[in-house]
Amino acid sequence: MGTVLDSHFLALTAIVTVAYQFIFFVITALFKIDQVTDFAGSTNFVIIALLTLILKATWHFRQIVLTLLVVVWGLRLGIFLLMRILQWGEDRRFDEMRGNLVKLIVFWTLQAVWVWTVSLPVTIVNASDGGVSLRPADVIGWTMWVFGFLIEAAADQQKLSFKNAPENRGKWCDVGVWKYSRHPNYFGEILLWWGIFVAASPVLEGAEYLVIFGPLFLTTLLLFVSGIPLLEASSDKKHGNLGAYQFYKKTTSPLIPLPRGVYGNLPGWCKAVFLLELPFYSRDLPEEAVV
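About the thresholds
- Residues numbered from 1 in each chain as written.
- Predicted model: local features only at pLDDT ≥ 70, side-chain atom pairs only at ≥ 80, totals over all residues.
- Heavy atoms only, no water.
- Helix = DSSP H or I, 4+ residues; strand = E, 2+ residues; numbered from the N terminus.
- Rg over C-alpha atoms; globule rule 2.2 N^0.38 Å.
- Contact = heavy atoms within 4.5 Å.
- Areas by Shrake-Rupley, 256 points an atom, 1.4 Å probe, with all protein chains shown as cover.
- pLDDT = per-residue confidence, 0-100.
- Core = buried A, V, L, I, M, F, W, Y, C linked by side-chain atoms within 4.5 Å.
- Buried < 20%, exposed > 50% of the residue type's maximum accessible area, 1.4 Å probe, protein only.
- 1 Å grid on protein atoms, 1.4 Å probe; cavity = no way out; pocket = protein on both sides within 12 Å on 5 of 7 lines; lining within 4 Å.
- Points joined across faces, edges and corners; volume = space filled by probe spheres on them.
- Nonpolar A, V, L, I, M, F, W, Y, C, P; charged D, E, K, R; others polar.
- Salt bridge = Lys/Arg side-chain N within 4 Å of Asp/Glu carboxyl O.
- Axes fitted to C-alpha atoms, helices over the stretch in contact; angles between N-to-C directions.
- Parallel < 35°, antiparallel > 145°, perpendicular 65-115°, else oblique.
- Left-handed = near helix turned anticlockwise from the far one by under 90°.

Q: I'm lost on the overall build of the chain in this one. Help?
A: Along the backbone of the chain there are twelve helices and zero strands. N-terminal to C-terminal, the α/β element order of the chain is α-α-α-α-α-α-α-α-α-α-α-α. Taken against the 2.2 N^0.38 rule, which gives 19 Å for 291 residues, the C-alpha radius of gyration of the chain at 20 Å falls within 12% of a compact globule. Projected onto its principal axes, the C-alpha positions of the chain cover 60 × 50 × 30 Å. Sequence separation of 24 or more characterises 75% of the internal contacts of the chain that already satisfy a separation of 6 or more. Accessible area for the chain stands at about 13,900 Å²; split by element, carbon and sulfur atoms hold 70% of it.

Here it is as structure tokens:
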């Protein structure tokens, strides 16, 4: 079917994303609910991937695979988060937003930017003719996606099961993959989206390589803005005075999964430089307990 608005579908996907997020913004603003928030973000990725694939209608194997990967990820995450919030009733992240229109607008704007930006690699691939025949980068990227997807899915389910057990009320999750990383779900998500970029790279030419901003933006958000910093601060305030929790933080990698016996014995500079144990991840711990 070819070009719609522009040859790379950038304007089209931006319009679709803004419209889709605006619909859910209106719902949350009117009814002061947050049950649909994460679902709106995850399913927006699915819409963009399918829409661009169908409109271009080239049906190259690379396009079909990357679209399928995004659809599987988006549906799995969207359904999981929707079922979780329906079970929990509300999301504490939005306690200060439900009655604050300005904060809601900022959040939904950021979510629209997140969806559109992170989707860039698959958008550009689907807007192309599919590019050259399959290359090693395709297989490497798909493999990264598989590992990232499995880690994220396992982490989500393990934490949900942990939180649902009455005997774990008030505890931090340190079972399954959470024994090796304090945020394995974020590690999985970062890995799978970098995998999509790697698998998209055989198609890219010239300025199209700027789609690397997609996984970079996601990584920046999770490492420095709305992901790890907020969760670390919340957990430190709850458990920071407990010796067992302080030991947990000192021996458990913040992101990249590693055995505790390995991570716990590494010098502080090595943790900070190579394993992202950033100082502000522990700013709410008692001074003597800083990792």
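Q: Sorry, what's going on with the confidence of the model for the chain here?
A: Caution applies to low-pLDDT regions: their predicted coordinates should not be interpreted in detail. Mean pLDDT for the chain: 91, with 92% of residues reaching 70 or above. Here helix 9 (residues 228-239) stands out as the element of the chain with the lowest mean pLDDT, 92, in contrast to helix 7 (residues 184-200), whose mean of 98 is the highest.

Q: What is the right way to read the nonpolar core from this model?
A: When a protein is soluble and globular, its nonpolar side chains tend to lie buried together. With 39 residues, the main nonpolar core has Phe45, Leu66, Trp73, Trp114 and Trp193 as its most contacted residues. Contacts of Leu66, omitting those with residues within four sequence positions, involve Val122, Val125, Trp142, Ile196, Ala199 and Ala200. Ala29, Val36, Ala40 and Trp108 belong to the second largest nonpolar core, which has nine residues in total.

Q: Quick question: what am I supposed to make of unusual backbone geometry here?
A: The phi torsion of most residues other than glycine is negative, and most of the peptide bonds are trans. In this structure, Lys32 is a non-glycine residue whose phi angle is positive, near 50°. Position of Lys32 among the secondary structure elements: in the loop between helix 1 (10-31) and helix 2 (37-56). Of note, Ala57 is a non-glycine position whose phi angle comes to about 60°, a positive value. Here Ala57 shows up in the loop between helix 2 and helix 3 (61-88).

Q: It is not clear to me how helix 8 (residues 213-225) should be interpreted in this structure. Could you clarify?
A: Note: α-helices contain 3.6 residues per turn, so residues at a spacing of three or four share the same orientation. Listing the buried residues of helix 8 in full gives Gly214, Pro215, Phe217, Leu218, Thr219, Leu221, Leu222 and Leu223. Residues of helix 8 that are buried sit in contact with helix 4 (101-118), helix 5 (120-127), helix 7 and helix 9.

Q: For this particular structure, what's the right way to read the layout of surface pockets?
A: Where empty space is left in the structure can be found by rolling a water-sized probe over the atoms. Of the voids in this model, the second largest pocket is the one considered here, and its volume is about 200 Å³. Ala14, Thr17, Val18, Gln21, Phe22, Phe25, Ile105, Trp108, Thr109, Ala112, Val113 and Trp116 are the residues that line the second largest pocket. Listing elements by their share of the lining of the second largest pocket, those giving two or more residues are helix 1 and helix 4. Grouping the constituent residues of the lining of the second largest pocket by class yields nine nonpolar, three polar and no charged.

Q: Even after reading the chapter, I still don't get helix 10 (residues 243-251), so can you show me in this structure?
A: Within helix 10, the full set of buried residues consists of Tyr245, Gln246, Tyr248, Lys249 and Thr251. In the core, the buried residues of helix 10 are packed alongside helix 9 and helix 11 (260-263).

Q: It is not clear to me how the pattern of salt bridges should be interpreted in this structure. Could you clarify?
A: A pair can form between side chains of opposite charge whenever their charged atoms are brought close. Enumeration according to the criterion identifies seven salt bridges in this entry. Asp156 is the partner of Arg76 in a salt bridge, and the nearest nitrogen-oxygen pair spans 2.9 Å. On the criterion of sequence distance, the pair formed by Arg76 in helix 3 and Asp156 in helix 6 (residues 136-164) is long-range, its members being 80 residues apart. Neither residue differs from the other here; Arg76 and Asp156 are each classed as buried. A salt bridge links Arg182 to Glu232; the shortest N-O distance between them is 3.1 Å. Taken together, the positions of Arg182 in the loop between helix 6 and helix 7 and Glu232 in helix 9 put the pair 50 residues apart, joining distant regions of the chain. Connected through shared salt-bridge partners, Arg182, Glu232, Asp236, Lys249 and Glu277 make up one network.

Q: Explain the environment of Ile54 to me, please; I cannot follow it from the model alone.
A: With respect to the helices and strands, Ile54 occurs in helix 2. With 155 residues separating them along the chain, Ile54 and Tyr209 place their C-alpha atoms 23 Å apart.

Q: Explanation requested: the packing of helix 6 against helix 7 in the structure shown.
A: The description of two helices packed together rests on the angle between their axes and the distance between the axes. Their axes nearest at 7 Å, the elements helix 6 and helix 7 cross at an angle of 160°. By the angle class used here, helix 6 and helix 7 are roughly antiparallel. Here helix 6 and helix 7 pass one another in a crossing that is left-handed.

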